[in-house]
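# Structure at a glance
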Amino acid sequence: MDHFALVVEDSDVSADFYANILKLEETPHPDLKPGFRWFVVSGNSQIHLIEKEFAPFEKNKSMHLCLSTQDLDGMIAHLEENNIPYWDWPGKENAVTLRTDGVRQIYFQDPDKYWIEINTAKH
């Protein structure tokens, strides 16, 4: 994957979340355009935050960005320290889903209410 683009209301607010909550490294937009913030996910894969007016739509949990970690408990502690609620797949707050393949997963939302999954899958 090269990149995934998200339209956001305020690129600075969203960038703060992706940098400080998800701990992604920001990389400069090649044209240094205001309202564009880019973050490295892994290797050459990036998330692009694009500030612009956009028709609102329902942000369903089935449409989500997923990132993996081998320290889910550390991530949960980090979310709790930053007062960010998380849910399991069925929707129970502060709960973790254990999939039948042994992968643990949680879901939470960014400032624009996009859903993010963090799981323990190994790649």
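The sections below set out a description of the structure shown in this document. (Residues numbered from 1 in each chain as written. Predicted model: local features only at pLDDT ≥ 70, side-chain atom pairs only at ≥ 80, totals over all residues. Heavy atoms only, no water.)

Once that is clear, we can look at the environment of D2. Topologically, D2 is positioned in the segment before β1 (3–8). For the pair formed by D2 and N44, sequence separation is 42 residues and the distance between their alpha carbons is 6.4 Å. Excluding residues that lie within four positions of it along the chain, D2 makes contacts with N44, S45 and Q46. Within the structure, the side chain of D2 is placed 2.7 Å from the side chain of H3, a separation counted as a polar contact. (Helix = DSSP H or I, 4+ residues; strand = E, 2+ residues; numbered from the N terminus. Contact = heavy atoms within 4.5 Å. Polar contact = N/O pair within 3.5 Å; in protein donor to acceptor, adjacent residues only side chain to side chain.)

If you check which residues of helix α1 (residues 11–20) are buried, you get S11, S14, A15, F17 and Y18. Looking straight down α1, one finds that the buried residues subtend no more than 160 degrees of arc, so they occupy a single side. Residues of α1 that are buried sit in contact with β1, β3 (36–42), β4 (45–51), β5 (64–68), β7 (104–109) and β8 (115–119). For α1, the N-terminal capping position is held by D10, with its side-chain oxygen 2.9 Å away from the main-chain nitrogen of D12. (Buried < 20%, exposed > 50% of the residue type's maximum accessible area, 1.4 Å probe, protein only. Arc of directions from axis to C-beta.)

We now examine the pattern of salt bridges. Following the criterion strictly, the structure yields 4 salt bridges and no others. The partner of D73 in a salt bridge is R104, and the shortest N-O contact between them spans 2.9 Å. Separated by 31 residues along the polypeptide, D73 in helix α2 (residues 72–81) and R104 in strand β7 bring together distant segments of the chain. A residue is classified by how much of its surface remains accessible, and R104, at 27% relative accessible area, is partly exposed. (Salt bridge = Lys/Arg side-chain N within 4 Å of Asp/Glu carboxyl O.)

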